[in-house]
Amino acid sequence: MAMQRGVTIWFTGLSGSGKSTIARALEAELRQRGCQLEVLDGDIVRTNLTKGLGFSKADRDENIRRIGFVSHLLTRNGVMVLVSAISPYRNAREEVRDRIEEFVEVFVDAPLSVCEDRDVKGLYKKARAGEIKQFTGIDDPYEAPLTPEVHCHTDQQTVDESVAQIIGQLEAMGYLTPMAAVA
């Protein structure tokens, strides 16, 4: 059996864009293919690895640096790492990309209005009411990737279509063997 190439697949986008949903669906597909992987979801990471950090720009950048550090360790040891984090600042994402090298950026894109409609936690409503400060997309910027390897438009694509798009890119980049070649 060939050694699996490690890679960090970094899902970035607004809250409610579908990052975690697509990451979970991709995780199921990759596990079915026998891939060794870890999932680092922004919400879970914030309660463990980056507990105590706030939402200032400096704290958000530190959050991304820590996630990037763990991703780098796993990736260099042949693990596929799925990171789902808003990661609103382009420079912080580029710093992680430069450290990891084996990096696939997935821009999970949906208009703000769609993200607000999907907001199951009511965070946008609270941000618009002034109850949450520095909320990405409302009173803090989101800097969209300029050249992501994958650009999912979740207001136009199904989850399965987004996953297929990511799988296709991973195959094209040599991180996965196409299923037809496996049979």
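Rules used in this analysis
Numbering of residues starts from 1 in each chain and follows the order in which that chain's sequence is written. Residues qualify for local features only when their pLDDT is at least 70, as the model is predicted, and side-chain atom pairs are given and counted only at 80 or more; totals for whole chains, interfaces and linings, by contrast, use all residues. Side-chain metrics rest on all non-hydrogen atoms present in the structure, leaving aside hydrogens and water. By convention a nonpolar core is built from buried Ala, Val, Leu, Ile, Met, Phe, Trp, Tyr and Cys residues, the set being connected through side-chain atoms within 4.5 Å. For every residue, the accessible area (1.4 Å probe, protein chains only) is compared with the maximum for its type, and the residue is labelled buried under 20%, exposed over 50%, or partly exposed between those bounds. In DSSP terms, a helix is any run of H or I states spanning at least four residues, a strand is any run of E spanning at least two, and both are numbered starting from the N terminus. Contacts between residues were defined by any pair of non-hydrogen atoms, one from each residue, lying within 4.5 Å. Here the axes come from fitting lines to C-alpha atoms, over the contacting stretch only for helices, and the angles between their N-to-C directions go from 0 to 180 degrees. An angle below 35 degrees is read as roughly parallel, one above 145 as roughly antiparallel, one from 65 to 115 as roughly perpendicular, and any other as oblique. Each crossing gets its handedness from the near helix: less than a right angle anticlockwise from the far helix is left-handed, clockwise is right-handed. Charged residues are taken to be Asp, Glu, Lys and Arg, nonpolar residues to be Ala, Val, Leu, Ile, Met, Phe, Trp, Tyr, Cys and Pro, and polar residues to be all remaining types, Gly included. Working definition: rings of Phe, Tyr and Trp (its six-membered ring) pair if their centres are within 6.5 Å, and the pair is stacked with planes under 30 degrees apart, edge-to-face with planes over 60 apart, and tilted otherwise. Cation placement over rings: the criterion is NZ of Lys or CZ of Arg within 6 Å of the ring centroid and within 35° of the ring normal.

Caption draft 1: Representation of the nonpolar core. In this structure, Ile9, Phe11, Leu26, Leu30, Met80, Val106 and Ile166 are the most contacted members of the largest nonpolar core, which totals 22 residues. If you list the elements that add at least two residues to this core, you get strand E1 (7-12), helix H1 (19-32), strand E3 (80-84), strand E4 (103-109), strand E5 (150-153) and helix H7 (159-172). Excluding residues within four positions of it along the chain, Leu26 makes contact with Ile9, Phe11, Leu82, Val163, Ile166 and Ile167. Counting residues in each nonpolar core, the second largest holds 14 residues, with Val45, Ile67, Val83 and Ala92 among its members.

Caption draft 2: Geometry of the packing of H1 against H7. The interhelical angle for the contact between H1 and H7, taken along N-to-C directions, is 60 degrees, at an axis separation of 9 Å. In terms of their interaxial angle, H1 and H7 are classed as oblique. Judged by the sense of rotation from one axis to the other, the crossing of H1 with H7 is right-handed. Where H1 abuts H7, its residues Thr21, Ile22, Ala25, Leu26, Glu29 and Leu30 lie against Val159, Ser162, Val163, Ile166 and Ile167. Counted by class, the contact of H1 with H7 contains 8 nonpolar, 2 polar and 1 charged residues.

Caption draft 3: Up close: the packing of aromatic side chains. In total, this model carries 3 aromatic pairs according to the counting rule given. Plain terms: the ring middles of Tyr124 and Phe135 are 4.9 Å apart, the flat faces sit at 80 degrees to each other, and that makes the pair edge-to-face. Linking Tyr124 in helix H6 (residues 123-128) with Phe135 in the loop between H6 and E5, this pair joins segments that are 11 residues apart in sequence. Take Tyr124 and Phe135: they sit in the same class, and that class is buried. Stacked on the ring of Tyr175, the Lys or Arg Arg5 has its end atom at 4.1 Å from the ring centre. Just above the ring of Tyr89 sits the side chain of Lys57; from NZ or CZ to the centre is 4.4 Å.

So, to be careful, I would describe these as geometric facts and stop short of saying anything about function.
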